[in-house]
Amino acid sequence: MIRDIAEMFQNSFMVRALIGGILVSLCASLLGVSLVLKRYSMIGDGLSHVGFGALAVASALGAAAPLHIAIPVVVASAFFLLRLSENSKIKGDAAIALISTGALAIGITAASVTGLNTDINSYLFGSIIAMDRNDVILCIVLSIIILIMFVFFYNKIFAVTFDESFARATGTKAGIYNMIIALLTALTIVVGMKMMGSMLISSLVIFPAVISMRLCSRFKTVIITSAIVSVICFVIGLMASYSYSLPTGASIVIVNMIALILAVTIGHFTMRKNKRALKKHAEKKK
């Protein structure tokens, strides 16, 4: 295993995947907490399908850098989803389902008509080999922008996450900050698609957030724990993928699933322990 790890860092594509993956995992985990608490976690899945459709169409049209075309399309879709769910009878999950399935159908049709069968698999399921130097540079730039914006707007994101109605009542422009969350999510999804694929990228948003919520209660602690869990699970998944020749995206998701099972188990035993302590305390008072 140690030999495999040392060998892994000798390959440039694995180093690129490690750098890009850690940054994407970090961004996805931070945003995932807000999205899960707002019950809008499936937006990642919907936007990844939109990204797939945009990438497939751009590749079919012969675009030199399809990822650059996908970014504005996914960002526009995120804003549209937000507006659609807020201002119409079509709410969150239904709006996501409509847009994601439509985009997926368009992407599959475009790839089928033009014969992009190899590319379509890498878009759907991810490929660390497909990440070139330009993709990593784009990933680094966008990840830095996402992290800076998240830290800068942290207090407002906290406010609209926990009590949007109260935030509006106190003068906070909740709509703007919801759009910022949607923008950051869209950027994260796009930069992570090349590695994780459109079918699995949303796992980086959901799993770490749910795991950290099982272990912590305060928002800031949940955010920090989510980031740590996400990065650790990504690194372990990447190493397992390289060592045992497994699909990268699937390996990372499986590691996250194992971490969730452990978190649920730890949370269960901790809860039982606390109940026993409270019971003993109550008996002593009697």
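All values reported here derive from a predicted model rather than from experimental measurement.

Trainee: Mind showing me how you'd approach the overall build of the protein here?
Mentor: The helix and strand tally for the protein stands at 13 helices and 0 strands. Listing each helix as α and each strand as β along the protein from the N terminus yields α-α-α-α-α-α-α-α-α-α-α-α-α. Relative to its 286 residues, the protein shows a buried fraction of 49%. Pairs at least 24 residues apart make up 78% of the contacts formed inside the protein by residues separated by at least 6 positions. Carbon and sulfur atoms provide 67% of the accessible area of the protein, an area that totals close to 14,400 Å².

Trainee: Would you take a moment to explain the pattern of salt bridges for this structure?
Mentor: Side chains carrying opposite charge are able to pair once their charged atoms draw close together. Applying the stated rule across the entire model yields 2 salt bridges. Linking Glu-164 and Lys-38 is a salt bridge whose minimum nitrogen-to-oxygen distance equals 3.0 Å. Of this pair, Glu-164 sits in helix α9 (residues 164-169) while Lys-38 sits in the loop between α2 (12-37) and α3 (43-60), and the two are 126 residues apart along the sequence. Classification of Glu-164 as partly exposed rests on a relative accessible area of 22%. Looking at Lys-38, the relative accessible area reads 24%, which means it is partly exposed. In this structure, Glu-164 and Arg-168 form a salt bridge, with 2.8 Å as the shortest nitrogen-oxygen distance.

Trainee: Could you clarify how one ought to interpret the packing of helix α11 (residues 203-215) against helix α12 (residues 219-244) in this entry?
Mentor: A packed helix pair is summarised by two numbers, namely the angle formed by the two axes and the spacing between the axes. At their nearest, the axes of α11 and α12 sit 8 Å apart, and the two run at 125° to each other. When the interaxial angle is binned, α11 and α12 end up oblique. You can see that α11 and α12 cross each other, and the crossing is right-handed. Contact residues: α11 offers Leu-204, Pro-208, Ala-209, Ile-211, Ser-212 and Met-213, while α12 offers Val-222, Thr-225, Ser-226, Val-229 and Ser-230. Looking at side-chain class alone, the contact of α11 with α12 contains 7 nonpolar, 4 polar and no charged residues.

Trainee: What is the right way to look at the environment of Leu-260 in this model?
Mentor: Examined against the element boundaries, Leu-260 turns out to sit in helix α13 (residues 248-285). Taking relative accessible area as the criterion, Leu-260 reaches 21% and is therefore assigned partly exposed. Spatially, the C-alpha atoms of Leu-260 and Pro-208 are 8.1 Å apart, while their sequence positions differ by 52 residues. Dropping the residues within four chain positions of it, Leu-260 is found in contact with Phe-207, Val-210 and Ile-211.

Trainee: Is there a simple way to explain the environment of Phe-79 in this structure?
Mentor: Turning to its location among the elements, Phe-79 is positioned in helix α4 (residues 66-87). For the pair Phe-79 and Ala-182, spaced 103 residues apart in sequence, the C-alpha separation works out to 6.6 Å.

Trainee: For this particular structure, what's the right way to read the packing of aromatic side chains?
Mentor: For any pair of aromatic rings, geometry is given as the distance between the ring centres together with the angle between the planes. Here the structure, examined in full by the defined rule, presents 7 aromatic pairs. Ring-pair connections join several aromatic residues into one group, and the members of that group are Phe-150, Tyr-154, Phe-158, Phe-162 and Phe-219.

Trainee: Sorry if this is basic, but what is going on with unusual backbone geometry here?
Mentor: The general pattern is negative phi for most residues beyond glycine and trans for most peptide bonds. A positive phi angle is found at Ser-245, which is not glycine, with a value near 55°. Checked against the element boundaries, Ser-245 lands in the loop between α12 and α13.

Trainee: What is the right way to look at a nonpolar patch on the surface in this model?
Mentor: Together, Leu-215, Ile-254, Met-257, Ile-258, Leu-262 and Ile-266 make up a nonpolar patch on the protein surface, roughly 560 Å² of accessible area in all. Of all the elements, α13 adds the most residues to the nonpolar patch, at 5 residues. With respect to the helices, strands and loops of the structure, Ile-254 is situated in helix α13.

Trainee: When you look at the packing of α2 against α12 in this model, what are you seeing that I'm missing?
Mentor: At their nearest, the axes of α2 and α12 sit 8 Å apart, and the two run at 145° to each other. Here α2 runs over α12; the crossing is right-handed. Of α12, the residues touching α2 (which contributes Met-14, Ala-17, Leu-18, Gly-21, Ile-22, Ser-25, Leu-26, Ser-29, Leu-30, Val-33, Ser-34 and Leu-37) are Phe-219, Val-222, Ile-223, Ser-226, Ala-227, Ser-230, Val-231, Phe-234, Val-235, Leu-238 and Tyr-242. Across the contact of α2 with α12, the residue classes break down as 17 nonpolar, 6 polar and no charged.

Trainee: Where do I start with the nonpolar core in this structure?
Mentor: Across soluble globular proteins, nonpolar side chains have a tendency to be buried as a group. Ranked by internal contacts, the top residues of the largest apolar core, which has 77 residues, are Leu-47, Leu-81 and Phe-150. Take this core: its biggest share by element is 14 residues, from helix α10 (residues 174-196). Among residues more than four places away in sequence, those in contact with Leu-47 are Val-74, Ser-77, Ala-78, Leu-81, Thr-185, Ala-186 and Ile-189. Ile-211, Cys-233, Val-255 and Ala-259 belong to the second largest nonpolar core, which has 6 residues in total.

Rules used in this analysis
Residues numbered from 1 in each chain as written. Predicted model: local features only at pLDDT ≥ 70, side-chain atom pairs only at ≥ 80, totals over all residues. Heavy atoms only, no water. Helix = DSSP H or I, 4+ residues; strand = E, 2+ residues; numbered from the N terminus. Buried < 20%, exposed > 50% of the residue type's maximum accessible area, 1.4 Å probe, protein only. Contact = heavy atoms within 4.5 Å. Areas by Shrake-Rupley, 256 points an atom, 1.4 Å probe, with all protein chains shown as cover. Salt bridge = Lys/Arg side-chain N within 4 Å of Asp/Glu carboxyl O. Axes fitted to C-alpha atoms, helices over the stretch in contact; angles between N-to-C directions. Parallel < 35°, antiparallel > 145°, perpendicular 65-115°, else oblique. Left-handed = near helix turned anticlockwise from the far one by under 90°. Nonpolar A, V, L, I, M, F, W, Y, C, P; charged D, E, K, R; others polar. Phe/Tyr/Trp six-rings, centres within 6.5 Å; stacked < 30°, edge-to-face > 60°. Patch = residues over 30% accessible without salt bridge, like charges linked within 9 Å, V, L, I, M, F, W, Y side chains within 5 Å. Core = buried A, V, L, I, M, F, W, Y, C linked by side-chain atoms within 4.5 Å.

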